[in-house]
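Geometric and topological summary
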Amino acid sequence: MDATLWLAAGSYAVAAAGWLVVADRLEAAAATRAAVLGLMTLVLLGWVLHRRDRLRQAAVLDAMRRRLWLLDAIVQGSPDAIYAKDTQGRYLFANREACRRLGVRPEEMLGRTADEFFPPDETAMLQAREQEVLAQRQPLRTERKLTTPSGRHAYAATVGPLLDAQGELVGVFGISQDIDAHKQRETDLRPWVVALQSTRDGVMVTDRHGNIRTVNRAFTEITGYALEDVVGRKPSLLRSGRHDADFYRALWQAIDRDGCWQGEIWNRRRNGDIYPEWLTITRVHDDDGEHTHYVGVFTDISRLKHNEAELERLAHYDPLTQLPNRRLLLARMDQAIAQAQWQDGQAAALHVGLDGFKFVNEGFGHPVGDELLQAVAARLQSRLRQGDLLGRLGGDEFLVLPGRLSEPGEAALLARDLLNTFREPVPLSGGRDVYITASIGISVHPADGCHSGVEMLRNANAAMHHAKELGRNRFCFFTADLQAQAVERLQLEAALKRAVERDQLLLHYQPRVDARSGRMCGVEALLRWDHPEAGLMAPGQFIPVAERSSLILELGAWVIDRACQQAREWIAQGWSDAVVAVNVAARQFTSGHLDTVVQQALARHGVPARALELELTESMLMQEPDAAVDMLRRLKAIGVRLSLDDFGTGYSSLGYLQRFPIDVLKIDRSFVQTIGCGPDGAAIADAVIALAHRLKLRVVAEGVEIEAQLRYLLAQGCDELQGFLFSRPLPPQALALPAPAHALVDG
C-alpha cells in the first residue's frame with residue numbers, strides 16, 4: 001500500500017482515539033460521538049478514494065509513457081524511413097532515418113511537403129500514390145527510385161491510411177526501405193541468370209530433401225518437362241531403369257563424402273526416349289555451412305555417343321558394304337580361336353574371292369563394280385546361318401566366319417551354299433546382268449596349326465588362291481585331309497538326297513509301355529537308311545549331314561508324313577488309341593512352317609491329331625524361347641501331343657518350362673542308366689518325375705534296359721517306359737499290336 005495511505009490510516013486511528021477520550025470527558029451523547037466518528041470516517045474514505053484514483057491515473061500515464069517510449073525507440077532506431085502525413089501531404093512525423101535521408105532535422109520536416117525535398121516528377125509520383133491510398137483506404141507497396149541529398153536510391157515503400165481513435169482518416173503513413181544493395185545483387189546476378197537460361201546444359205536445383213525447386217530452359221528442351229511439371233517432384237522421375245540400386249547408392253555416397261559426383265548416366269525423356277547424359281551433382285551450403293540445396297548440371301551426350309559409334313563403325317566396318325572390315329574380322333578370328341581352345345572345339349574362316357571382278361571394273365567402270373560388290377554382299381549374307389559373320393577384306397575379297405562348327409565338313413557345306421549364290425546372274429541398274437563366280441579357301445583351327453587370326457587368314461587366303469588355280473568356282477581346304485573329308489561329306493549329302501528320291505528311307509518303331517497296365521501305349525518313329533552299299537544305317541550316321549543343309553526340312557516332312565500313314569494303318573487294324581512319336585530337328589522347328597507340315601500330313605491320311613506326338617529338345621526351344629512358345633501354341637491348337645525329349649541335359653529355364661504347352665517329359669537315357677549306381681544315381685530321375693507330376697505332365701523314361709531300372713521307375717510313379725528291356729526298334733510289320741510288357745520282353 002502507498003505510504004501516504006498508511007499515514008492517513010494512522011492519523012485516522014489517532015484522531016478517533018482522541019475524539020473518544022475528549023467526548024467522554026465532555027460527557028457527550030453517544031449519538032454525537034457516533035456522528036463525529038462517522039463524519040471522520042467519510043472524510044477519510046473520500047480522501048482514500050481520491051488518492052487511489054490519482055495513483056491509478058499516474059500508473060496509466062506511466063504505462064502509456066513507457067509504451068510511447070518503446071514505440072519511439074523502435075521507430076527512431078529502425079533502419080527504414082518512417083513518416084506520417086496529414087491529408088494535405090504535410091509531414092506530421094518523421095523518424096531519424098527519414099530525416100537523415102533527406103538531410104534535415106526532425107523539427108525542419110514537420111509541416112512541410114514532399115515538393116520541398118524531391119524533384120517535381122518524383123513529387124507528383126509520391127502524391128499520386130498517397131491520393132490512391134486515401135481513396136482506397138488500403139495499403140500500397142511499390143518500388144521506386146528517389147533522389148536524395150546522398151544520391152538516387154531505390155526504395156521499397158509501403159504507404160497506408162492513417163486513422164484516428166474514432167477510425168477517421170487523418171492522413172497517411174509510410175515505411176520506406178533502401179533496397180539499393182538488393183537491387184545491385186539482382187543486377188550482379190542477372191548475367192548469371194541469363195547465362196543459366198542461355199546455356200545448352202540442363203540445370204536442376206533441388207532442396208536438401210531432393211525436391212526440385214527450379215530448372216532452366218535447357219532442362220526443358222532436353223527432357224521435355226516444363227518447370228511446372230517438375231517443381232516439388234523428385235529427380236527420380238527421369239530414371240531410365242538402366243541403373244540398379246547399387247549405382248545410385250554409390251553416387252550418393254560420393255556426394256556425401258566429396259560434396260559432388262560426376263559421371264555418365266542414362267535418363268528418360270518425357271516421351272519415353274532413353275538418352276545418355278554427362279551429369280555433375282554438387283551439394284550447396286549457406287554461409288553457416290548448413291546444407292541447403294543440390295545443383296545438377298548435365299549435358300545431353302546422345303550426339304557424342306552417336307559420333308563415337310559412327311567413328312567406331314568407320315574404324316571397324318567397310319563403308320561400301322557396311323560389313324565388318326579386316327580389322328574387326330581379325331579380332332573376331334582371334335576370339336573364335338580362343339573360344340575353340342577353351343572349349344576344345346574348332347574354328348574356321350572362309351576366304352571368298354570373286355573370279356574376274358577386275359574385268360567388270362574395267363569394262364563397266366568403278367560405280368558398276370561398287371554396285372556389284374554390294375549385291376554380292378547381300379547374296380552372301382542371305383545364305384548365312386544365324387551366328388555366322390560376313391565381312392569384307394577389301395577389293396573383291398570377303399571373309400565368312402562360321403558361328404558354330406562341330407567338324408570341318410560343316411565349313412565345306414557352307415562353302416558349297418555360298419558358291420550356289422553365284423549360279424544366277426546379278427542384276428544391276430541400267431538393266432544389265434553380270435555373271436560372276438567365286439573361289440573359296442577354308443582354314444580350320446586347330447587342324448591348320450594356326451594360333452591367331454592373322455595366321456588363319458593367311459591360310460584361308462592361300463587355299464583361296466589354290467582354288468583359283470584349280471579352275472575357279474570351287475572351294476579348297478588349306479590341308480589335304482580336310483579337303484578329303486569335305487568331299488566325302490558332300491558325296492554323302494548327294495547320296496542322301498538320292499535316297500529320298502529313290503525311296504531308300506524307312507521308319508522303325510520302338511514301343512512305349514504304360515507303366516500301370518504293362519501294355520504298349522505308343523511308339524517312337526526312328527529313321528533308317530537302307531543304303532545300297534553300306535546296308536541299314538542309323539540316323540546318327542547321316543542326320544548330322546542333313547541338318548547342316550536344307551535337306552533336313554525335306555527329311556523331316558517325309559518322316560511326319562510316313563508316321564501319319566502308319567498310324568492310319570494301325571488304327572484301321574484296331575489299335576484305336578495308337579500314338580506315334582516323331583523327333584523334330586531344330587532347323588525344322590525354327591523354319592516357321594512345322595505346323596503347316598503337320599496339318600497337311602494329318603489331313604492327307606485322315607489321322608486324328610491325338611495320334612501324333614512331336615518330340616522336341618530343350619536346346620531347340622531355348623534358342624529363341626518366345627518364338628518357340630508361339631510355334632508350340634500353334635501346334636497345340638492342331639491337337640497333337642508335345643513332348644520334351646532329353647529333359648535335364650540342356651539348359652531350359654523352369655520359368656519357360658511352365659510357359660511351354662507340352663504334355664510329356666522324357667527322362668534322358670543317361671539319367672536312367674545311373675539308377676542303381678551309387679546313392680545319388682537316381683536323384684535326377686526322381687526330380688524329373690516329381691517336377692513333371694507337379695506340372696501335370698506325363699513322364700516317359702527312355703533307355704530302360706534292366707529289371708532294376710524298371711522296378712525303381714515303377715515305384716517312383718513313372719508313367720511310361722521305353723528301352724531294350726521291352727523291345728528294340730522294329731519294322732511296323734514285326735510289331736505286335738498291342739501287347740503286354742512281358743510279351744514284349746519275351747519276344
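Everything here concerns the structure above.
My aim in this report is to walk through the structure given alongside it, one point at a time. None of these values were measured; they are calculated from a predicted model.

Reading across from one edge, β2-β1-β5-β4-β3 is the order of the five strands in this open sheet, with antiparallel pairing throughout. In this open sheet, the two strands that pair with only one neighbour each are β2 (91–94) and β3 (140–148). Put simply, the sheet's adjacent strands are angled 30° from each other on average, direction ignored. In this sheet, strand β5 (residues 169–178) lies alongside strand β4 (residues 151–163) in antiparallel orientation, the contact comprising nine bridges. Following the sheet pairing, leucine 162 is matched in β5 by glycine 171.

A complete count under the given rule lists ten aromatic pairs for this structure. Ring plane angle 75° and centroid distance 5.9 Å describe the contact between phenylalanine 219 and phenylalanine 298, whose orientation is recorded as edge-to-face. Of this pair, phenylalanine 219 sits in helix α7 (residues 217–223) while phenylalanine 298 sits in strand β10 (residues 291–300), placing them 79 residues apart in sequence. For the pair shown, phenylalanine 219 and phenylalanine 298 are each scored as buried. Plain terms: the ring middles of phenylalanine 247 and tryptophan 261 are 6.1 Å apart, the flat faces sit at 85° to each other, and that makes the pair edge-to-face. With phenylalanine 247 in helix α9 (residues 245–258) and tryptophan 261 in strand β8 (residues 260–268), this pair connects stretches of sequence that are 14 residues apart. By way of ring pairs, the aromatic residues Tyr83, Tyr91 and Phe117 are connected into one cluster. Here the basic side chain of arginine 239 rests over the ring of tyrosine 248, its NZ or CZ set 3.8 Å away from the ring centre. The ring centre of tryptophan 266 lies 4.1 Å from the NZ or CZ of arginine 242, which sits over that ring.

On inspection of all chains with the given rule, the structure shows 32 salt bridges. As a salt-bridge pair, arginine 634 and aspartate 630 come within 3.1 Å of each other at their nearest N and O atoms. In this pair, arginine 634 and aspartate 630 are both assigned in helix α22 (residues 625–638), four residues apart and thus about one turn of the helix distant. Relative accessible area serves as the criterion here: at 32%, arginine 634 is assigned to the partly exposed category.

Judged by pairing direction, the sheet is mixed, and its five strands sit side by side in the order β12-β13-β11-β16-β17 without closing on themselves. Every interior strand has two partners, whereas the edge strands, β12 (389–394) and β17 (475–477), have only one. For this sheet, the mean inter-axis angle between neighbouring strands, taken without regard to orientation, is 20°. Two strands pair when backbone bridges link them, and β12 and strand β13 (residues 397–401) are joined in this way by five bridges, in the antiparallel orientation. Bridge pairing in β13 places leucine 390 opposite valine 400.

On to the environment of arginine 152. Note that arginine 152 resides in strand β4. C-alpha of arginine 152 to C-alpha of aspartate 180: the two residues are 28 residues apart in sequence and 9.4 Å apart in space. If we ignore the near neighbours within four places in the chain, the residues touching arginine 152 are Glu122, Lys145, Leu146, Thr147 and Asp180.

Rules used in this analysis
Starting afresh in each chain, residues are numbered from 1 along the sequence in its written order. Side-chain atom pairs in this predicted model are given and counted only at pLDDT of 80 or more, local residue features only at pLDDT of at least 70, and totals for whole chains, interfaces and linings cover all residues. Note that water and hydrogens are dropped before the side-chain values are worked out from all heavy atoms of the structure. In this analysis, strands are considered paired if DSSP registers two or more bridges between them. Put simply, DSSP H or I for four residues or longer makes a helix, DSSP E for two residues or longer makes a strand, and each gets a number counted from the N terminus. The axes are straight lines fitted to the C-alpha atoms, using for helices just the contacting stretch, and the angles between their N-to-C directions are given from 0 to 180°. Each Phe, Tyr or Trp ring (for Trp, its six-membered ring) is paired with any other whose centre lies within 6.5 Å, and the angle between the two planes then decides the class: stacked below 30 degrees, edge-to-face above 60, tilted in between. To sort residues, take the accessible area from a 1.4 Å probe on protein chains only and compare it with the maximum for the residue type: under 20% means buried, over 50% means exposed, and anything in between is partly exposed. Think of it as a cone above the ring: NZ of Lys or CZ of Arg counts as a charge over the ring if it is within 6 Å of the ring centre and within 35 degrees of the ring normal. Any carboxyl oxygen of Asp or Glu within 4 Å of a side-chain nitrogen of Lys or Arg constitutes a salt bridge here. We call two residues in contact when some of their heavy atoms are within 4.5 Å.

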